[in-house]
Each structure stands twice: as structure tokens, then as C-alpha cells.
Amino acid sequence: MTASPDVIDDAPKAQETPVPSATLGGDSKRSLEQITLLLFITVPFVALLAAVPLAWGWGVSWLDLGLLVAMYYIGCHGITIGFHRHFTHGAFKARRPLRVALAIMGSMAVEGPLVRWVADHRKHHKFSDAQGDPHSPWRYGETVPALLKGLWWAHVGWMFDEEQTPQHKYAPDLIKDPVIRRISRQFVLWTTVSLLAPPLIGGLATWSWQGAVTAFFWGSLVRVALLHHVTWSINSICHAVGKRPFKSRDRSGNVAWLAVLSCGESWHNLHHADPTSARHGVLRGQLDSSARIIRWFEKAGWAYDVRWPNADRINSRRKDTAANAA
């Protein structure tokens with residue numbers, strides 16, 4: 001199952017029996033989806049750019065900020081714990097209610113249907129920073145102009161590539177699960193819920209249209225834009241810079257200043273050295289809120305067979321094991 005001694009290949013083998021497509025558009029992107037994706041990227045980003053002058057102009061309430069933070073971390077942990085560590089890498093097993101909840105939470109991050117997200121990420125790990133990687137920042141070379149172009153590609157551009165990761169090859173386990181397949185197909189529904197929940201709460205709490213509008217701006221648009229760009233920074237920034245204390249076959253690095261906003265995902269070097277680990281921040285002082293919440297799930301009996309890294313497992317992946325032991 002392993003592609004090399006240092007990194008685990010999580011991509012399942014292709015299935016002989018065809019199974020139904022799990023996302024809108026199947027394995028090829030259509031023009032309508034491209035337009036929709038463009039709107040989801042640009043509209044929240046424009047809102048993020050307008051956030052500061054808007055706040056100075058007519059204020060922002062504590063309710064707006066509370067909705068932004070709450071919705072941000074619901075979606076962020078839905079991606080990091082659900083889409084990434086559970087569905088993509090199997091870092092832990094989850095009882096059915098938790099599995100469904102994580103699928104819905106991740107969908108509310110508005111980063112694409114679950115099965116497509118997982119297929120893309122498994123392909124990324126199989127070809128990380130090499131030919132075939134969907135979003136390596138080193139795609140165009142190592143000169144400064146090439147890297148700048150590659151960073152843009154890894155951050156946003158790759159999502160508009162016509163070549164689509166074959167879901168039946170990289171995510172057959174999820175497609176064969178009817179509940180997960182249904183949630184993945186309902187991406188538009190969960191996106192709608194995600195975007196309309198803040199203005200509904202804001203409007204009812206203040207009993208005003210202004211409360212609904214500001215809640216939509218901060219709790220929906222700004223929140224989605226911020227979460228998108230933090231997530232995409234793992235693809236771009238964390239494969240271009242950062243410390244690399246662990247052995248991996250790619251250029252994944254640890255970027256400390258992204259740790260809190262990324263819910264622990266920016267400890268990216270360890271993740272690529274040991275993809276199935278439930279904890280990414282394994283060294284002293286490395287905050288990893290996703291791992292903490294998985295631990296709570298485990299104690300509650302909702303998660304089990306959690307793949308926690310022990311000292312021997314961590315040391316075996318260090319570049320300098322002898323120095324670490326000393």
C-alpha cells in the first residue's frame with residue numbers, strides 16, 4: 001500500500017464494477033460549474049477586500065463577528081477533521097452520526113462536493129510535487145517567475161483545469177456509501193444553508209434587515225473568502241516555504257503562523273511524512289485544534305481506531321533521528 005518508505009499512498013485502486021457518479025458534473029467540469037466556481041471565489045474575495053472600509057464606515061457588531069468565527073471554525077474543522085483526516089486518509093473511524101455530521105460540516109465550507117475533494121486530495125498525495133499533482137507550486141519550475149506562476153496555480157488556478165480527477169479511481173469507497181454519496185451530490189443545498197444561516201440568525205436576533213445584511217456580509221461572504229484562502233494556502237504556501245524536520249518525498253513544509261487559522265493543517269511536513277496520522281502538530285508548541293477535537297470524539301466514543309502517532313513513529317520519520325534521540 002505504501003509508495004515509498006516515507007509516505008503513504010492513500011489512493012485506492014480502481015474498481016472493476018462501475019458505480020454511479022457522486023458529484024455534479026461527474027468526472028468532467030462543465031461551463032456552468034466553472035462559472036459557479038468563479039462566483040464562489042471572486043464574490044467572497046471582493047467582500048473580504050471591502051471588509052475594512054465597510055467596518056470603518058458603518059460598523060460591525062459583536063453578533064457579526066461571532067457568526068464569522070463560529071461559522072468559520074465549523075467549516076474549517078469540517079474540512080480538516082472530516083474531509084481530510086477522516087474521509088481522505090482514514091486517520092480514525094467514526095460512528096455513523098459523526099460521519100454524517102462531518103460530511104455536512106465540510107460541505108458547508110463551500111470548497112466543493114465531498115467525493116471530488118477527497119479524490120483530488122488523494123491524487124495530490126500520490127503525485128505530490130511531481131508530474132500528476134493537481135496543485136503543486138513547482139509545476140512550472142524553480143525560477144522566481146516560475147514559482148510565482150506556480151503559487152497562483154496551486155492557490156486558485158488548478159481548480160479551473162479542465163482535467164478532472166477520476167472519482168471512481170481515487171474515491172470508490174465513498175461513492176459506494178449511499179449516504180455519503182447523497183451528501184456529496186447535495187453540495188448546492190449545503191452551500192445554500194451555509195450562506196443563508198448567518199443572515200437568518202442576524203436578522204432574527206436584531207429583528208432588522210440591516211442585521212441580516214451585515215451578518216450575511218461578515219458571517220457568509222467574508223467568512224467563506226477567509227476560509228478558502230487559508231485552505232488554498234496549504235496547497236501553495238506550505239509546499240513552497242516552511243521548516244521540514246521530517247522525511248517526505250516532496251517539498252511540504254511547516255508554516256507556524258497559519259496553524260490557528262488552518263486548524264492545525266499547516267503542520268504540513270509531518271502530514272506528508274505520515275499522511276494517516278490523526279495529529280499533524282506533533283512537536284512541542286505546535287497547536288492542532290483538529291487533533292484535540294478528535295481526541296474529544298474518541299473519549300465520547302464517537303471516534304475509534306484513531307491513528308495517534310507515538311514517539312517511535314514520529315522519530316522514525318525525523319530527518320535526523322540520532323540528533324532527536326540525543
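Everything quoted here is computed from the prediction, not taken from an experiment.

As for the overall build of the protein chain
And then number 1: On a plain count of helices and strands, the protein chain comes out with 14 helices and two strands.
And then number 2: Split into buried and exposed, the 326 residues of the protein chain put 53% on the buried side.
And then number 3: For the protein chain, the computed accessible surface area is about 15300 Å², with 65% contributed by carbon and sulfur atoms.

A few points about the environment of asparagine 310
And then number 1: You can see asparagine 310 is positioned in the loop between β2 (303-304) and α13 (311-316).
And then number 2: Residues asparagine 310 and serine 277, 33 residues apart in the sequence, show an inter-C-alpha distance of 9.8 Å.
And then number 3: There is a polar contact of 2.7 Å between the side chain of asparagine 310 and the backbone nitrogen of arginine 313.

Digging into helix α9 (residues 187-206)
And then number 1: Under the 1.5 Å per step criterion, the end-to-end length of α9 is 29 Å for 20 residues, consistent within 8% with the ideal 28 Å.
And then number 2: Of all the residues in α9, the buried ones are Phe187, Trp190, Thr191, Ser194, Leu195, Ala197, Pro198, Pro199, Gly202 and Gly203.
And then number 3: Tryptophan 207 sits one or two positions beyond α9 and adopts a positive phi of about 55°.

A word on the packing of helix α2 (residues 62-88) against helix α10 (residues 209-236)
And then number 1: Interaxial distance between α2 and α10 falls to 8 Å at its minimum, and their mutual angle equals 35°. The hand of the α2/α10 crossing is right-handed. Each of Asp64, Leu67, Leu68, Met71, Tyr72, Gly75 and Cys76 in α2 lies in contact with α10, whose residues at this interface are Gly211, Thr214, Ala215, Trp218, Gly219, Val222, Arg223, Leu226, Leu227 and Val230.
And then number 2: Per-class residue counts for the contact of α2 with α10 are 11 nonpolar, four polar and two charged.

What about the side chain of aspartate 250?
And then number 1: Position of aspartate 250 among the secondary structure elements: in the loop between α10 and α11 (268-273).
And then number 2: Here aspartate 250 is buried and forms no salt bridge, its nearest opposite-charge partner arginine 249 lying at an N-O distance of 5.6 Å.
And then number 3: When neighbours within four sequence positions are excluded, aspartate 250 is seen to be in contact with Ser128, Asp129, His239 and His272.

Things to note about α2
An α-helix turns once per 3.6 residues; consequently, residues spaced three or four apart project the same way.
And then number 1: At isoleucine 79, α2 shows its largest bend, some 25°.
And then number 2: Judged by how many residues are buried, α2 sits mostly within the fold: 19 of 27 residues are covered.
And then number 3: At the exit of α2 stands glycine 90, carrying a positive phi of roughly 60°.

Some thoughts on the packing of aromatic side chains
And then number 1: If you walk through the whole model with that rule in mind, you get four aromatic pairs.
And then number 2: Measuring from centroid to centroid gives 4.9 Å for tyrosine 72 and tyrosine 73, while their planes differ by 80°, and the two rings are edge-to-face.
And then number 3: Residues phenylalanine 217 and tryptophan 218 carry aromatic rings whose centres are separated by 5.5 Å and whose planes lie at 80° to one another, so their mutual orientation is edge-to-face. A single burial state applies to phenylalanine 217 and to tryptophan 218, both of which are buried.

What to know about a nonpolar patch on the surface
And then number 1: There is a patch of nonpolar side chains on the surface, built from Val60, Trp62 and Leu65 and spanning about 330 Å² of accessible area.
And then number 2: In this structure, valine 60 sits in the loop between α1 (31-58) and α2.

A closer look at the nonpolar core
And then number 1: Formed by 43 residues in total, the largest nonpolar core has its most connected members in Phe87 and Phe92.
And then number 2: Of all the secondary-structure elements, those providing two or more residues to this core are α2, α3 (96-107), α4 (114-126), α7 (172-175), α8 (178-185), α9, α10 and α12 (289-300).
And then number 3: Per-element tally for this core: the top contributor is α2, with seven residues.
And then number 4: Ignoring anything within four residues of it in the chain, the contact list for phenylalanine 92 reads Ile81, Arg85, His86, Leu102, Ile294, Ala303, Tyr304, Asp305 and Val306.

What to know about the packing of α2 against α3
And then number 1: Contact pair α2 / α3: the axes reach a minimum separation of 7 Å and the direction vectors enclose 125°. Considering the angle they form, α2 stands oblique to α3. Crossing of α2 against α3: the hand is left-handed. Facing Ile74, Gly75, His77, Gly78, Ile79, Ile81, Gly82, Phe83, His86 and Phe87 of α2, the residues of α3 in contact are Arg99, Leu102, Ala103, Met105, Gly106 and Ser107.

A look at the pattern of salt bridges
And then number 1: Following the criterion strictly, the structure yields nine salt bridges and no others.
And then number 2: Close ionic contact of aspartate 177 with arginine 99 constitutes a salt bridge, the shortest N to O distance being 3.3 Å. Of the two residues, aspartate 177 is situated in the loop between α7 and α8 and arginine 99 in helix α3; the sequence distance between them amounts to 78 residues.
And then number 3: In this structure arginine 99 comes out as buried when scored by relative accessible area, which is 17%.
And then number 4: A salt bridge links glutamate 298 to arginine 295, with the shortest nitrogen-to-oxygen separation between them at 3.3 Å. Of this pair, glutamate 298 and arginine 295 both sit in helix α12, separated by three residues, roughly a single helical turn.
And then number 5: By relative accessible area, arginine 295 is classed as partly exposed at 27%.
And then number 6: A network of salt bridges, in which partner residues are shared, links Arg85, Glu265 and Asp288.

With respect to the confidence of the model for the protein chain
And then number 1: Averaged over all residues, the pLDDT of the protein chain is 83; the fraction at 70 or higher stands at 79%.
And then number 2: Across residues 1-30, where pLDDT falls below 50, the model places 84 contacts with residues more than four positions away in sequence or in other chains.
And then number 3: In this model, residues 322-326 is a region of pLDDT below 50 whose contacts with residues beyond four sequence positions or in other chains number two contacts.

Cut-offs applied
Residues numbered from 1 in each chain as written. Predicted model: local features only at pLDDT ≥ 70, side-chain atom pairs only at ≥ 80, totals over all residues. Heavy atoms only, no water. Helix = DSSP H or I, 4+ residues; strand = E, 2+ residues; numbered from the N terminus. Buried < 20%, exposed > 50% of the residue type's maximum accessible area, 1.4 Å probe, protein only. Areas by Shrake-Rupley, 256 points an atom, 1.4 Å probe, with all protein chains shown as cover. Polar contact = N/O pair within 3.5 Å; in protein donor to acceptor, adjacent residues only side chain to side chain. Expected span 1.5 Å × (residues − 1). Axes fitted to C-alpha atoms, helices over the stretch in contact; angles between N-to-C directions. Left-handed = near helix turned anticlockwise from the far one by under 90°. Contact = heavy atoms within 4.5 Å. Nonpolar A, V, L, I, M, F, W, Y, C, P; charged D, E, K, R; others polar. Lys, Arg positive; Asp, Glu negative; His and termini not counted. Salt bridge = Lys/Arg side-chain N within 4 Å of Asp/Glu carboxyl O. Bend = angle between axes of the 7 residues up to and from the residue. Phe/Tyr/Trp six-rings, centres within 6.5 Å; stacked < 30°, edge-to-face > 60°. Patch = residues over 30% accessible without salt bridge, like charges linked within 9 Å, V, L, I, M, F, W, Y side chains within 5 Å. Core = buried A, V, L, I, M, F, W, Y, C linked by side-chain atoms within 4.5 Å. Parallel < 35°, antiparallel > 145°, perpendicular 65-115°, else oblique. pLDDT = per-residue confidence, 0-100.

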